[in-house]
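So the chains spell out like this:
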Amino acid sequence: ESATAQSPATHPCLKGSRYRRYAFTNHDLEKYMEVQSLGNDRYSLSVDGFVRTVVSGPITARWDGSIVFEEGRVQIGWLSKFSNCVGCWFELMHQGDGYEVSFGGTINGTPPIEFDSGVTPFREITTLSPTNVQVFKNAEELILTEDLSDPTCETLGATGNPSIPIFGLFQGEYWIHDACIDLLENTLESPDSGGQEVRDTVNLINPDKAAKCSNAPRTFLNDASCRVASDPLACTPSSGIEEEERPNNLYIDLTPEFLRNIYEFTANSSGGDTIYLYVIRGLRVDQDPMHPKPCERYNYYSRWECIVCPIVELDDDLNSIFGSLLSWYEGDLDDDAKVGDILDIWNWEDEECPPDKYDMVGFTVKDLEGNCWKHIHQDEHSVYDFTYWTQAHPGNSEARNPITEFAIDGLTTLTFPSWHEMGRWNGNKYDLDFLGTVGGQVHYYDLPERFRTPEISSYFGFTLEDVVDDVDDNSLIMICGSPYEIDNDPFAAGRMDAINPIYDFAEYNDLLLQKRVVWTEIVLMSKNDQLRQRMAWALSQILVVTPDAITNEEYVTEALVTYYDIFVRHAFGNYLDILKEVSYSPVMAEMLTYFQSMSTAYVWYESSNLEYADENYAREIMQLFSIGLYLLNSDGSQVLDEADQPIRAYTNDDIVEYARVWTGFDSQPVRGNIESDGYFNQVDPMKIRLETRDVFPKMGLNRTYIGDGYPLCSDLPERHFLQQGAIYRFLGSSSTPTLLNDPQSWDEANAQRLKLQPSNDGTSSSLFSILCGSSDPTSCTYDKSTVVLDSNLVCVGKECEVDIVRVVEVGERIFYEYTQPPCVHFAFPKTPKLVVRRGEWWHLSCADPRTTVASAACCPDEYEYGEWMDLYWGERTTLATAQKRCGSRDLCQRGYAPCEYDNTTNAPEESYCDNSGQFWTNTDCSLRVKISDDAKVAILHLPNGIEPEAISHLVSEADTKTFFRVDWSDTVAVENLITNCEAPCATTSDGFCMCGVSVTEDQAYQEMSTLPSSEEEILRSLRVGSFRPSGSMISNQISNNYFVHTQTAGVLESDSVFEVRDHTGVHYLKNLKSEVQIVGTSISFRNAVHFISIADPELRDAQYETDAALDQYFHHSNTAPFLAKRLTQRFGISNPTPGFISRIANAFKIGTYTSDDGILFGSQEYGDLGATIASLLLDREARNVILDADPSHGSMKEPLIKWIGFLRSSEFSMNDNNLVNFVRFAVTMNQKIGQMVYAIPNVFSFFLPEFSPSGPIERASIVAPEGQVINGPKIIDAMNGILSLINYGLAECYGGLGVMEYTYCEDYQIGSDSNEGSIGTINYLPTDSSNIVDELATLLTAGRLSLERREIIKNAVNGELNPSLAIRKVQQIMVFAPEFHVTNLVHLSSSSLRPNIEKPPPSSRPYKALVYLMLDGGV
C-alpha cells in the first residue's frame, strides 16, 4: 500500500490505479495537519503542504463539542485500516490525548474530499467516467479499468510523482489518487530487469524514495533460471544509490566559501531555518583526558597538522614511528605537503611507543621528506552544523546569541572558548551534525536530510540527470527472478502494507495481522491444495521461526510469508531442499543468532578478542530439525546402551565443530520489489562472506569430517574443465566471477581472461561452440544461465596448456565462469610448498603442490626479478606446471616476482599490479600442530627461512586460535603429551603444546583377498573419496552393490576406486589412508580434510562445505524416523506404533510408497516428502477405523486446525460490509486459543512432542502434545469464540475472535448476516433437513460422535421449528462434545452421571473458601 517502499508507485493515469473519496487514511497516522480558515466557517485541511479537503466548521471534539480546533497545526491521532472510509474514526490530538472529530456538526470522523471556488485541487484529472473506472467499497473507492488520456497526465512523468496529490473529478465529486506499490512480475520464469523503474523513480532530494533494482541476487534458488536481459536498461541487484555507487558529480568541497554561501543563501531564503556551518578550532588535545593517544595501535585515528618546523629538537623515538607513517599517508595529499594540510592516520606500525611516551599527545614529528607535523585534537578543523546549538546554547539571551555572532560577523570558524572545559565539547558535539574536514569533500547524500531541499539542490546546480547512470546498450546483464514475487492484482479486493525506508506505513496491529490474513485466506478459501497447506503447517512447527526474534518482529510481512512459503513449495518435495533453504534464510539466521557469526580466526585478527562461533543453530538444526536428542532405531524407538539408557545422538563437541560451518552468513543487499526497512534484506537467501568464514576442518556426527567421502582436489582429473559434467555459469558482460575470489577491480581494468577462439589453425574449439550456442561467433545465443558439458571435449590451443580455467571469454567481452566440482584438501599435505601473494610479504602460507592454488613467476636466479608466466589473470596451476613453465629458470622467491602481465619487462618490488594473485615457490614448509588441553589440534605452517611475522594469522604459532578434533591413535599417550609436553615438543607462548608432524600416505587395503564382504564396512573404513573411475580401469564386482576398480586386474593400489551403492546414492572411495605422525613419538591421527583452501579460499568451496554439512544431518540414520514421528503427531496420531513409524521412515529413505490400489508416490530419491506423507496417510494404521477405539490412538486436535476445520465445514463466507475484505482473527488469537500462525512462541514450537499431561495419560506412558497449550482460560476463550461465531458471525462481540471496529454489540442479532462490523458468517445448510445431526457429526467429528450423544442432541432440538435456529443449536451442542476435540472415539470413564449438588442455603456466618486460579499452563 505504501507508495515509497523501494518500488515504483502506481501512476494516476494508468490502468489499475486507485482513487478514494475519503480525505485521510491510516498512512496519515501521526502526521501534522494544517488547519486554515477560509472565512464563512469554512476551513482547508492540508497535509505535507497540500490541501486535502475543505470542510465546514466548527471542527470540534468530545461529546459536548468542548474542544475546538481552529487555525494552526494539529497532529493526527489514531487511524487504522478501518479508518479508510468516509465517516470512519478520525482522531486529532489535544493536550496529549486523541479525540474523534466532528466537522460542522454533520460529519463525524473522516471527511470526504471537497473543494470550492476559493480552494482548488493542486493537480486535477477531469476525464474520469463510468467507462474507464470501476467503483467499489461502498462507492468510496474506484479503480481505473483503462489508461487515461488527460492533459494533466502529460505533466506527471513516468512515475506520476507520488509525492504530490493528484485529484480526479468523477460525477461531480472529487477523489484523490491513492498511490500504492506497483509490484513487478519477478518470477523464476519471468525475471524483471528493473532498470526502467530505477531510472524513472530517481529522487534527487531523498534517495530512499527511489525504486531499487528488482533483479534478485543469483543464488541456488534461481541459478538455473537466470537469463540474459533483453532490456538494454537492465540493472543489477546492487543498482541504486548505494554507498559505493553514488554519482561522482554530487560531491561538495567543504571550503570556507561554501560555509559562508550556505549561511547567506538560507538567511535570505523565505521559509526554513538559517543554517550555521562552522569550522571548529581551539580544541585542546592536552586538556582532554578522553582523547585517544597516537600510540594506541589499531584503534582510533590521530589527526596531524603540517606546521613550520620548530627550532627545538624532536623526539627520535616518536619520529621513527610516526614520521614514516605520515610519509606513507601523504600519498593522499598533493605533490608537496603544505603548511595547514591535515592528515588522519592509524598507527599500524609494528614498533610500539616506549612506555614513558605512550600517553603523550600534542607533540611534533618530522616525516621522511622533512615536513613537520603536530598532533592535534581529532575534531580540530572539522565542519559541524551548529544550527541546533544556536537555539540550545545555554549562554543565549535576548541581548545576544554567541553562536550566531560568528556568522553575522562574516566568520566561518568557531573558536572553542579557552575557559570552557573540554568535557563540554565532548558532551555536546553529538547534538551537532558532522559534515567532514575543512578542505575535504562531502557527498550530497551525506548531508543532513534538511539540506536536501529543492532550493538548496538548485543552488548547488544538481539535477536528476546527475543521478541517473549512463546505460551501456552493449552490456549483457544476467537477471534473476525469485520464487516468491508476482505482480499485484490491482483489481483484487483489499490491500496490504509494507515496512519501508521512510516509515510510511500502517498502524502496527494492521501490519501484525497482514501475514495471518494471507495464511487464513489461503487455507480457508482454497479448494485444491488442502493437503499441501496442512503439510506446510506441520513443517512450520518443526522448523520454527519466531517473529519476536527477528528485526521488525511481528510487523514485517514478506520476510515471514517468504519463509513459510518454503514449506508450501516443498511440501511434497525433498526434505534436503527445505533444510538448505531454511539454513540460508535470513530470518532463521536472526532467530538462531548465526547471522553475521564470524570465525574465531577473523575476530582474533581484527580485534585480538578470543571469540567462538555462535552455537545456537548448530544445536537446534540437529535437536529439532533433523536427528533429535537420542539415537533412534528405524522404528523410532531409542537405542539403549548396556545400562538400558538412551544414547545421545550428538555431543557438545559436535555442536562446537558444526558451529564453525555457520560462520560468514550475511544478508544480501537491499533491492526493490521486496519489503525492507532500507537496511536489511530479509527475503533473499543469504550470502556467505568468505573473509569471516571458518576455513579449518570440522569433525561432525559419528566422528566424520565434513568432506569425508569427497575426492581430493589433488586428484582432479587432467583438464577436468573439458570433461563430461563440467559446469559453466554465464556472467554476461562482466568478467567478475560470482563464486571465485577475483577482485572486482579486474572488471574495470579489463582483466585478461582465457579467450576461447572459434577456430585455431583450422581447429575449432568445441568448448567455444557449446558456450556460444553456435560454432559461428556471430550467431551466439547465450540462452542458458548454466551450461553442463554432456560429453568429454578435446582441448584446443591454450586450453591444452592450462591446468584449470576460471573465467573464459566467449566472443567479445562475454564471459562464463567455470565451477570446479566439489573436492577437499588434506589439512596436513605430505610435501607442502610456500605460496606467496603478489605484492605482499606477509600472509604467507603453504599448500599441497599437487593442487591448483597458485601460478608461475620465473626468475633467472633466486635473487633477480623475473617474469610472470600466466596465460590469463588469476591463473592457478600445480607446482609441476609452474616449474615446467619456468624451464631452466628458478621459481621466484618472495620479494622478487615482477608485476607485469605481458611477460616482457621486469618491475621493481614496490610496484603493484592489477593482476594480483599468488605464485608457487620452491621453499619447503614444515608442519606442526598446536594441541589444546582437550586434545584438539590447530595447524601451524613454518616455511623454511621465513620470519614468523610474515606467516598468515591462520597458521602462525602466535595467532592460530582455531582447534579441531582428530582421531588419536593413543588417547592415553596424548593426555600424557599434553600434560608434560616434552622434547621434541615445546610449549608455545600462549601455553599450548606444539609438536612437529610428518605425513604418511598408504593403501587402506593391500590385497583383494582380504577385502570385507559388506558394503557397510567399506563405507566405515574408507574416508577419502574419489572421482568417478575412468573407463580404462578394470571393474571387479564383489557384490550387487559393491565394486572395485583397479588399474591392473586383481591388484589393489592406492588409486584403486571402490564403488558402493546404498539408499543415499553411489559412493566412490579411494583406497587410501593418510596418517599424521607426531615427530619423536608413536602417536598419530587420521589426516583431516576440509573444503576451503587455506592458501586460496574460494566462496564456491564455502558453499560446498555448507552442502556437505547439511548432507550429514540429512543422511543420518535418525532423520527418517525422527521426521516420521514428528509428522505423524502433526497429522492426528500422537502415539504411533513402532511399525507405523518404521514404514513411514522407509518411504522417506527409499523415496517411494505404493498404495494398496497400486498407485506409486514419490521420486525414488531419499528424503522424498511426497512418498513420506502418502505412507503416513494411506497406511492401514492411519485408515483403520477399528483403531479409533484404542484410547492411545489419535490425538487432541490442534486448536487452530480445529478452528479452521469448523469454519470450512460450516461454509464460512465473508459479509458484504466487511471493511477490509479479509478474514481477520484477533491479535490475541494465540493467547486465546493457544495457537496462531506467525505467532509460535519459541524454537520449540507451541508444544513439546513428548509432553504428557499429568493423570491417566502420563500413567499410561503416552503423550498428548497439544495438551500443553490447553488450560482453563483457553478452553473458555476458545468455546466462547466458537459460540459467538455460530450466533453472530466472526466478530469481537460476546467473546468473538474476529477483529472489527465501530460496532455496538448490543445491536447484534443472533443469526443475522448483517451485523455491522462482522467479518463473515457460517452458512451451512444440510443436504437433508431431517438428518442435521448425523451430517454435522460427519463434518465436525469425522463421524466419531457416539450414538448416545447424537440422541441427546436430537432430543434437544426436536421441538425447534426454526430450521436456522435448529442448525445453530446442533452446532453449539456438538462443539462441546469431546469427539469434536479429539481424533479418536471417546469412552466414558464412568457409567454414572455427575451428581447434582444442591446449593446450601445462604448464611451470614464467616467462612473460609478455596479459590482456584486457572493459570496458563498445560492440562
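Here is what the cut-offs are and how they apply
Residues numbered from 1 in each chain as written. Predicted model: local features only at pLDDT ≥ 70, side-chain atom pairs only at ≥ 80, totals over all residues. Heavy atoms only, no water. Helix = DSSP H or I, 4+ residues; strand = E, 2+ residues; numbered from the N terminus. Rg over C-alpha atoms; globule rule 2.2 N^0.38 Å. Contact = heavy atoms within 4.5 Å. Areas by Shrake-Rupley, 256 points an atom, 1.4 Å probe, with all protein chains shown as cover. Lys, Arg positive; Asp, Glu negative; His and termini not counted. Charge placed at Lys NZ, Arg CZ, Asp CG, Glu CD. Salt bridge = Lys/Arg side-chain N within 4 Å of Asp/Glu carboxyl O. Buried < 20%, exposed > 50% of the residue type's maximum accessible area, 1.4 Å probe, protein only. Axes fitted to C-alpha atoms, helices over the stretch in contact; angles between N-to-C directions. Parallel < 35°, antiparallel > 145°, perpendicular 65-115°, else oblique. Left-handed = near helix turned anticlockwise from the far one by under 90°. Nonpolar A, V, L, I, M, F, W, Y, C, P; charged D, E, K, R; others polar. Polar contact = N/O pair within 3.5 Å; in protein donor to acceptor, adjacent residues only side chain to side chain.

**So, the overall build of the protein chain**
In terms of regular secondary structure, the protein chain is built from 32 helices and 55 strands. At 37 Å, the protein chain has a C-alpha radius of gyration in line with the 35 Å of a compact globule built from 1419 residues. For the protein chain, the C-alpha atoms occupy an extent of roughly 110 × 100 × 85 Å along the three principal directions. Sequence separation of at least 24 residues holds for 72% of the intrachain contacts in the protein chain that already meet a minimum separation of 6. Total accessible area on the protein chain is roughly 62600 Å²; 49% of this is exposed by carbon and sulfur atoms. Computed over 105 positive and 205 negative side-chain charges, the inter-centroid distance for the protein chain is 6 Å.

**A short note on the pattern of salt bridges**
Under the criterion given, the structure shown has 65 salt bridges. Between R1086 and D708 there is a salt bridge, and its shortest N-O distance comes to 3.1 Å. Here D708 lies in the loop between β29 (687-688) and β30 (727-732) and R1086 lies in strand β50 (residues 1084-1086), a separation of 378 residues in the sequence. A single burial state applies to R1086 and to D708, both of which are buried. Its salt-bridge partner being E1098, residue R806 comes within 2.9 Å of it at the nearest N-O pair. Residue R806 is found in the loop between β32 (786-788) and β33 (807-810), and its partner E1098 is found in the loop between β51 (1089-1090) and α21 (1099-1114); the two are separated by 292 residues along the sequence. Since its relative accessible area comes to 4%, R806 is described here as buried. Using a relative accessible area of 1% as the deciding quantity, one classes E1098 as buried. Here the salt bridges do not stand alone but share partners, grouping E657, R660, R693, D694, K698 and E1105 into one network.

**Re the packing of helix α26 (residues 1199-1209) against helix α29 (residues 1272-1288)**
The interhelical angle for the contact between α26 and α29, taken along N-to-C directions, is 15°, at an axis separation of 12 Å. Judged by the angle between their axes, α26 and α29 are roughly parallel. When the axes of α26 and α29 are compared, the crossing they make is right-handed. Mapping the contact onto sequence places W1203, F1206 and L1207 in α26 and A1278, G1281, I1282, L1285 and I1286 in α29. Split into classes, the residues belonging to the contact of α26 with α29 amount to seven nonpolar, one polar and no charged.

**Quick notes on unusual backbone geometry**
In this structure, P58 follows G57 across a cis peptide bond, with omega equal to 0°. When you line up the elements, P58 lands in the loop between β4 (50-56) and β5 (59-61). Looking along the chain, the bond that leaves A983 and enters P984 is cis, with omega of 10°. One can find P984 in the loop between α19 (971-980) and β43 (986-987). Located in the positive-phi region is N40, a residue other than glycine, with phi close to 55°. Position of N40 relative to the elements: it lies in the loop between β2 (32-39) and β3 (42-47). In this structure, E1211 takes a positive phi of about 55° despite not being glycine. Overall, the relative accessible area of 43% leaves E1211 in the partly exposed class.

**Concerning the side chain of H1381**
Residue position: H1381 is located in the segment after α32 (1363-1374). Separated by 2.8 Å, the side chains of H1381 and K1202 make a polar contact. Residues in contact with H1381, not counting those within four places in the same chain, are S1195, M1196, K1197, K1202, M1279, V1375 and F1376.

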